[in-house]
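# Breakdown of the fold
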Amino acid sequence: MSILKAVTLISRTARAAPLRSACYASGLKRLTTAWPRCYSDHSKTSEPSPAKPETVATKAQAQVADGVVHIALSLPSVGQTQFTLLPGLSLGHLIRDIKDEDDEVSVVKATGKDGIALAQSTLLQQALVQPFSLQVNDTVHSFSPVTAWPKPGSQDASALIDRLAMSVQVLEAEQHRRQQLRDLLAQTQAELEPMEAARVACEASANAAARRQAWLGFAWLGFGFGFLGRLTWVDYSWDLMEPVTYFVGLTANLCVFAYYLLTQRDHSMEVRRERIELDKFHSVASKHNLDVELYNKLKAQMASYKSQLRQ
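Residues numbered from 1 in each chain as written. Predicted model: local features only at pLDDT ≥ 70, side-chain atom pairs only at ≥ 80, totals over all residues. Heavy atoms only, no water.

## Details of the sheet that holds strand S7 (residues 139–143)
Across the sheet, four strands lie side by side as S1-S7-S6-S5; this open sheet has mixed pairing. What marks the edges here is a single partner per strand, and that holds for strand S1 (56–60) and strand S5 (108–111). Averaged over neighbouring strand pairs, the angle between their axes works out to 20° when direction is ignored. Judged from the four bridges that link them, S5 and strand S6 (residues 132–136) form a sheet pairing that is antiparallel. Within S6, the position partnered with Lys109 by the bridge is Gln135. Along the sheet, helix H2 (residues 91–101) makes contact with S5 and S6, crossing S5 at roughly 150°. (Pairing = 2+ DSSP bridges. Helix = DSSP H or I, 4+ residues; strand = E, 2+ residues; numbered from the N terminus. Axes fitted to C-alpha atoms, helices over the stretch in contact; angles between N-to-C directions. Contact = heavy atoms within 4.5 Å.)

Below, the structure written as structure tokens:
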């Protein structure tokens, strides 16, 4: 009887073993498939999403006075600031003025109707005739349409302002040009000061050399006159010296004609003096390290600057 009970118990245990292994396998499969999903969900929820900066919306008003539009904006560090919008200006001019007025302004964005961004080339006259928003950093300024904007031809203020602005720009450009000419003139004069002293010294040496050669020429002519006179009246007679003096005069004429062929200038005391001075000036200038070409160039530039300033 006991043997029969043992056989029955063993058979029941064998039938239950596959069932337990199947349950164990199915449970392990559910655990392995659910674990990555739970881990991924946990990783997603653990990383905080970056918060977007909140913008503050304010209403601004544009006022029309004397043919121009005035708007007031609250800037981060400067505070309430008024800007004047002249006819013909674009959004780019306004954006640059806002950034120049306050260094803490980093974002300036203009949007029109339905939140469409406006390009910087858009004229302010076209932007303000519709609902218009201007974002300065985190503050959005909303403007109502400007219905009283002066139309072209309705008033002479806009044309007068345009002419005045053009005149001011022309005057500023002219003053800037004249200031540049003054600076260049002062720089050229500073470069010419040491060269001017060397030039004066070279001219003095050249003039002295020309005077010496002139006196030497006079002495040579006097010596020739005395020598021929002695040969004519003391040593020999006129009959013998007459052809000699003729050939001496002809030789002098040949020398003068050769001088003309070489220099292409008539031989005269003034021309000869200028040539001697010029040759001596260049020879002395090389000794004084004076760049004659640079000196002449600087003198021409200075004369040009003075002529332009006189205009």
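Having seen the model, we can carry on.
## What about the packing of aromatic side chains?
Taken as a whole and judged by the stated rule, the model has four aromatic pairs. Look at Trp215 and Phe218: their rings are 6.1 Å apart centre to centre, the planes differ by 90°, and that puts the pair in the edge-to-face class. With Trp215 and Phe218 both in helix H4 (residues 157–235) and three residues apart, this pair spans about one turn of that helix. Here a set of aromatic residues connected by ring pairs shows up, and it is made of Trp220, Phe223 and Phe227. (Phe/Tyr/Trp six-rings, centres within 6.5 Å; stacked < 30°, edge-to-face > 60°.)

## Comments concerning the pattern of salt bridges
If you walk through the whole model with that rule in mind, you get six salt bridges. Between Arg230 and Asp235 there is a salt bridge whose closest N-O contact spans 3.5 Å. Glu277 is the partner of Arg273 in a salt bridge, and the nearest nitrogen-oxygen pair spans 3.2 Å. Of this pair, Arg273 and Glu277 both sit in helix H6 (residues 269–287), four residues apart, roughly one helical turn. Judged by its relative accessible area of 29%, Arg273 is partly exposed. Beyond isolated ion pairs, a larger network of salt bridges with shared partners links Glu174, Arg177 and Arg178. (Salt bridge = Lys/Arg side-chain N within 4 Å of Asp/Glu carboxyl O. Buried < 20%, exposed > 50% of the residue type's maximum accessible area, 1.4 Å probe, protein only.)

## Some words on helix H5 (residues 238–263)
Taking 1.5 Å as the rise per residue, H5 with 26 residues should run 38 Å; its terminal C-alpha atoms sit 37 Å apart, in good agreement. Listing the buried residues of H5 in full gives Met241, Tyr259 and Thr263. Residue Gln264 follows H5 closely and has a positive phi angle near 55°. (Expected span 1.5 Å × (residues − 1).)

## As for unusual backbone geometry
Not every positive phi belongs to a glycine, and Asn137 is a case in point at roughly 60°. With respect to the element layout, Asn137 can be found in the loop between S6 and S7. Despite not being glycine, Asn289 has its phi angle at roughly 55°, a positive value. Following the sequence through the fold, Asn289 ends up in the loop between H6 and helix H7 (292–310).

## Focus: the confidence of the model for the protein chain
Predicted confidence across the protein chain gives a mean pLDDT of 75, with 77% of residues reaching 70 or more. The low-confidence segment residues 1–11, where pLDDT is below 50, has zero contacts with residues more than four positions distant or belonging to other chains. (pLDDT = per-residue confidence, 0-100.)

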